[in-house]
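Summary of structural features
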Amino acid sequence: MADPRAHSRGKLSASLEAYTLLFLAALVAILFAKLPATADVFPTAANFQAIAGGQAVLIVATLAVLIPLICDEFDLSVGANLGLASVVSASFMAAGLPLVVAVGAGLLSGALIGVVNGLLVTRVGVNAVIVTLGVSVIIHGVVQYRTGGKSITEGLPASWLNVGSESIFGIPVILLIALVIAGLVYYLLTYTPYGRQLYMMGANRQAAKLVGLRANWLLFTCFVVGGLLAGAAGVLQVARAGAAAPSVGESFTLPAFAAAFLSAAAIKPGRYNVWGCVVAITFLAVINGGLNIAGASVYIADFVNGTALISGVALAVYLRRRRGA
Amino acid sequence: MTFRAEGITKRFGPTVALDGVDIELRPGEIHALCGGNGSGKSTLIKTITGVEIADSGTFSIGEIASAAPDVTPARSHEWGIRCLHQQGSTFGSLTVTENFAAGVGFPRGFGGRIDWRAARKHSRELLEEFEIDASPDQLLEELRPVTRQMVAIARVLQDRSDSAGGVLILDEPTASLSAADVDRLHEAVVRFAETGTMVMYVTHRLGDLPGFASRATVLRDGRVVGELGASEIRHDRLVEMIVGVSEEELLSAASSHVVDASARDERLVLKDVVGGPVKGASLSVGAGEIVGVAGLVGAGRSSLLEMVFGTQEPQSGSVELDGEPLTWRSGKPHDQVALVPENRVIDAAFLPLSLTENIVATTTGRCWRKGFLNHRAERAEVRQIIADSGIKAASEEAPFQTLSGGNQQKAIVARCLRGEPEVLLLDEPTQGVDFAARAAIHETIRTAASEGLCVLVVSSDLEELVLMCNKVVVLVDGVTTSTVSGPDLTPENLERLGFGEVVSSV
Ligand SMILES: Nc1ncnc2c1ncn2[C@@H]1O[C@H](COP(=O)(O)OP(=O)(O)OP(=O)(O)O)[C@@H](O)[C@H]1O
Ligand SMILES: [Mg+2]
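Note that the coordinates shown come from a computational prediction; the quantities given were computed from them, not determined experimentally.

1. Here's the deal with the sheet that holds strand β1 (residues 3-12) of chain B
Residues and elements named next belong to chain B. Pairing is antiparallel across the open sheet formed by four strands, whose spatial order is β2-β1-β4-β5. The open sheet is flanked by β2 (15-25) and β5 (64-67), the only strands paired with a single partner. In this sheet, adjacent strand axes meet at a mean angle of 15° when their direction is disregarded. Bridge count for β1 against strand β4 (residues 56-61) is five bridges, and the pairing is antiparallel. Considered in β4, the bridge of E6 is made with T58. Helix-sheet contacts for helix α1 (residues 41-48) involve β1, β2 and β4, and the interaxial angle to β2 is about 65°.

2. Some remarks on the packing of aromatic side chains
Overall, the coordinates contain 13 aromatic pairs over all chains when judged by the stated rule. Look at F257(A) and F261(A): their rings are 6.3 Å apart centre to centre, the planes differ by 35°, and that puts the pair in the tilted class. Of this pair, F257(A) and F261(A) both sit in helix α11 (residues 250-262), four residues apart, roughly one helical turn. With relative accessibility at 11%, the residue F261(A) sits in the buried group. Arranged with centres 5.9 Å apart and planes meeting at 20°, the rings of F3(B) and F59(B) form a pair that is stacked.

3. Points about the site of ligand 1
All names here are of chain B. Lining the immediate environment of ligand 1, one finds 20 residues, of which N37, S42, T43, H204 and T402 sit closest. Between H204 and ligand 1, the recorded distance is 2.8 Å, taken from a side-chain N or O atom to an oxygen atom. When isolated, ligand 1 has an accessible area of 640 Å², and the protein chains bury 91% of it. Mapped by element, the contributors of at least two residues to the shell around ligand 1 are β2, α1 and α13 (405-418). Split by residue class, the shell around ligand 1 holds three nonpolar, 15 polar and two charged. When residues of the shell around ligand 1 are sorted by domain, at least three fall in each of domain 1 (3-249) and domain 3 (348-419).

4. Things to note about the pairing of strand β20 (residues 454-458) of chain B
All names here are of chain B. The element β20 is extensively covered by neighbouring structure, given that five of its five residues are classed as buried. Of the two faces of β20, both are covered, the one formed by C454, L456 and V458 as well as the one formed by V455 and V457. Here strand β19 (residues 423-427) runs beside β20; their pairing, made up of five bridges, is parallel. For L426, the partnering residue across the bridge sits in β20 and is V457. With helix α14 (residues 435-450) bridging β19 and the parallel β20, this β-α-β connection has right-handed handedness.

5. Concerning the packing of helix α3 (residues 78-94) of chain A against helix α5 (residues 128-147) of chain A
Residues and elements named next belong to chain A. Remark: α3 packs on α5, axes separated minimally by 9 Å, with the N-to-C direction vectors making an angle of 25°. Between α3 and α5, the angle falls in the class roughly parallel. Considering how the two elements wind past one another, α3 and α5 form a crossing that is left-handed. Along its contact with α3, which presents A80, N81, L84 and V87, the element α5 presents S136, I139, V143 and T147. Classifying every residue of the contact of α3 with α5 by side-chain character gives five nonpolar, three polar and no charged.

6. Regarding unusual backbone geometry
We note that F169(A) has phi near 50°; this positive angle belongs to a residue other than glycine. Position of F169(A) relative to the elements: it lies in the loop between β1 (167-168) and β2 (171-172). Judged by its relative accessible area of 83%, F169(A) falls in the exposed class. Despite not being glycine, K370(B) shows a phi value in the positive range, around 45°. Positionally, K370(B) belongs in the loop between β17 (368-369) and β18 (372-373).

7. Focus on the nonpolar core
Ranked by internal contacts, the top residues of the largest apolar core, which has 104 residues, are L63(A), W160(A), L189(A) and L198(A). No other element matches the 15 residues that helix α2 (residues 45-70) of chain A contributes to this core. Here L63(A) is in contact with I181(A), A182(A), V185(A), L229(A) and V274(A), once residues within four sequence places are set aside. Residues C34(B), V151(B), A154(B) and V239(B) belong to the second largest nonpolar core, which totals 45 residues.

8. Some thoughts on the sheet that holds strand β10 (residues 223-229) of chain B
Two modes of strand pairing occur in sheets, parallel and antiparallel, and in both the strands are linked by backbone hydrogen bonds. All names here are of chain B. Pairing within the open sheet is mixed, and its six strands lie in the order β6-β7-β8-β3-β9-β10. Edge positions in the open sheet fall to β6 (81-84) and β10, since each of these has one partner strand only. Mean inter-strand twist for the sheet, computed between neighbouring axes without regard to direction, equals 20°. Alignment of strand β7 (residues 167-171) against strand β8 (residues 198-202), held across five bridges, turns out to be parallel. Its bridge partner lying in β8, D171 is registered against V202. Together, β3 (30-35), β6, β7, β8 and β9 (215-220) form the strand contacts of α1, whose direction differs from that of β8 by roughly 145°.

9. Remarks on the interface of chain A and chain B
Across the contact, 30 residues belong to chain A and 35 residues belong to chain B. Taken over both partners, the interface formed by chain A and chain B buries close to 2800 Å², and the fraction arising from carbon and sulfur atoms is 63%. Counting every contact that joins chain A to chain B gives three salt bridges. Among the salt bridges present, the one from R196(A) reaches E357(B), with a minimum N-O distance of 3.5 Å.

10. Here's the deal with the side chain of T147(B)
Residues and elements named next belong to chain B. Mapped onto the elements of the fold, T147 is located in helix α5 (residues 145-157). Look at T147 and you get buried, because its relative accessible area is 6%. When near neighbours in sequence (up to four residues on either side) are disregarded, T147 contacts I132, D133 and A134.

11. Thoughts on the side chain of H442(B)
For H442(B), the position within the fold is in helix α14. In this view, H442(B) contacts T430(B), E464(B), L467(B) and M468(B); residues no more than four positions away in its chain are not counted.

12. Some remarks on the domain arrangement of chain B
Residue and element names in this part refer to chain B. We note that the domain assignment places domain 1 (3-249), domain 2 (250-336 + 421-506) and domain 3 (348-419) within chain B. Tallying the contact residues gives 12 residues for domain 2 and seven residues for domain 3. Around 770 Å² of area is buried between domain 2 and domain 3 when both sides are counted, 75% of it from carbon and sulfur atoms. For the side of domain 2 that touches domain 3, the leading source of residues is α14, giving four residues. For the side of domain 2 that touches domain 3, the residue count by class is eight nonpolar, three polar and one charged.

Procedures and definitions
Residues numbered from 1 in each chain as written. Chains lettered and ligands numbered in written order. Predicted model: local features only at pLDDT ≥ 70, side-chain atom pairs only at ≥ 80, totals over all residues. Heavy atoms only, no water. Pairing = 2+ DSSP bridges. Helix = DSSP H or I, 4+ residues; strand = E, 2+ residues; numbered from the N terminus. Axes fitted to C-alpha atoms, helices over the stretch in contact; angles between N-to-C directions. Contact = heavy atoms within 4.5 Å. Phe/Tyr/Trp six-rings, centres within 6.5 Å; stacked < 30°, edge-to-face > 60°. Buried < 20%, exposed > 50% of the residue type's maximum accessible area, 1.4 Å probe, protein only. Near = heavy atom within 4 Å. Polar contact = N/O pair within 3.5 Å; in protein donor to acceptor, adjacent residues only side chain to side chain. Areas by Shrake-Rupley, 256 points an atom, 1.4 Å probe, with all protein chains shown as cover. Nonpolar A, V, L, I, M, F, W, Y, C, P; charged D, E, K, R; others polar. Domains from an automatic or database assignment. Right-handed = clockwise from strand over helix to strand, strands pointing away. Parallel < 35°, antiparallel > 145°, perpendicular 65-115°, else oblique. Left-handed = near helix turned anticlockwise from the far one by under 90°. Core = buried A, V, L, I, M, F, W, Y, C linked by side-chain atoms within 4.5 Å. Buried area = accessible area lost by both parts, 1.4 Å probe. Salt bridge = Lys/Arg side-chain N within 4 Å of Asp/Glu carboxyl O.

Listed below in structure tokens is the structure:
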């Protein structure tokens, strides 16, 4: 039935599918490196560090979106949760508490929001979109109330701020941290039964229950793990920005969703995956970074991210259909 | 006027699903399309209806011809081609009228509102025209499966311009119907054919075809192996063409299942179980025993299995395994019990995930070594399972949805056995499964049983129960009325007992 030539053709088109987005990113990068408007600045090490460093927080935020998304649940509170964690950890740092405690507090606040989301979804049975949207609005209110709308900039320890600005062998430390976290999430999703079970939950929840998975427990934990990652993103954001702005989180929600959806169009086509997220973020970052240098207006970034979100989903749906629906 | 498909070819990546298929339908004929699982039947139908785009070939109806790749669902519809696809879709929670409207839309009244009176009238006319025993406001889920199937057929046929001519395609319409219901459906199909409709009919129940089909085309691996006229359509002949070996060879490979009934300990014991449609069921299954549950649809067969599985709570009575009660765990299945559910797509399949992930679904932890899932070991194990169960797929990494229906079913059975359960529950285990695969599944289950597993199987296919089981318990209106075994175990006896009749020799 399957003649070998046809088979290698199948393999080839599969790997084409897997790396299309990466090729596109490289193509765009080359374009900006050659284009007169950007050729001076774009292909420099400094610019690479700026772009790469700037994406570290987004990578972690995207992973926070990814975990519930694999379970077929939306966590719209990731941005707000990130903002809360950065304010919490920054105020602990500013109060002179040890760094470990401050970081821990940020992570804990993220996980706790996840617990709240998870309980509301599994125990009360409210739709996750509603729950996380409501929770994010509440978080926003609480943060505004506590900070009076002002950023925390004073008294942050240099040791933590250095994490956001230093590089090792030209690679921003904060990016390395984000990649390590991505590696851990990859391990969780690919090399543990738990990760498998999340994918099963997303593919067919009814069947997942019937093969004996603890559906409610998995659902609950996906929000907690997602919350923890949002917390981590918030703590990193303090290092990156050198401050904790009360509404910093909102700017992350859309790009994180865009990247998480786009991940299904790269590396492992047809399924949301960690390295697909990283590739998607690279793709978006190269475009945004280039446009930025070219002096394009800020709203261009909105335009790019919005378009990427929709076309990413469309691409993923198309790939899934082509692989047989 | 005839419908002709010529040289239809369709590839899915490396898989050649159809390889130059020719078929001709004639007015007034019922043309059976036969072939093993994954032989390309559904794919051929999908190319005819424009759901899948063929790579090459031509279709012609009467004088009109069209290149096969140009066929769209709209054009196929225009040609008068109507199809009930394999995973026939009716909406259980909607009424008959709403189901009819799902095909063509509701009649509209002033301001675009739905004209319910006209809609009901239309559906009453349809029910009458197709001789369906239902009322417009009944919910589909309240109807008998055969009636539901008739509603689905009427839905696809309702907007033909004239009742004569046109093509009606039925892809496995009888997969979960009882023998009596199959007859009723056949009567209806014969009526359509008599009005001049060209019927294409897919089934794995080869025994249904002699005397019913006027012609048969057999597919194997995407190629036509032959066409038979009405007089040549015989069970053994079909099997030989479908599988490529004779029926005797196939059956001689399967060992007969002999168990010594007296020397066995009872392992699974149900006493006066009540819950849902089950009103009082008692039975026992010994080690290595395969026990069937017969009865009409609605007699509570599936509910009975669910109460043993642990997803439905018994109101009273007891379910014990080896003397230990299987206690209710808020709907979580019991660890020692595995179920092959009746509805594969809704209850068992993870369609977007790979074949491997589907097979190891209940046993993901098995290849977990030193903190890592060993993917290579997992794939090797799965490759072995694929070979042993005769599953046909592009690779072990193929998305589950690209497997044909019968191959998905084999994979679900394999999944259940991989979990090494004490009790295996099977609900219509061989629906949509071809002759050879059915024998293979039976053999797999027998082998598993011979190692001491208890098997409880529900099937509308009474022949299958007789073939597989040591004894069969008959459920009538939720009550276990009798147990048949030995020489009394015949399809005829089961049929009569299922209707609540008393069989003298029992
Ligand atoms: N969307 C798809 N992508 C890849 N392969 C496919 C796809 N659909 C079908 N196939 C392959 O094409 C072949 C024919 O499948 P098809 O569903 O037509 O079989 P079938 O004769 O209807 O079988 P069954 O009796 O089990 O329903 C199989 O090998 C199947 O795996
Ligand atoms: Mg089929």
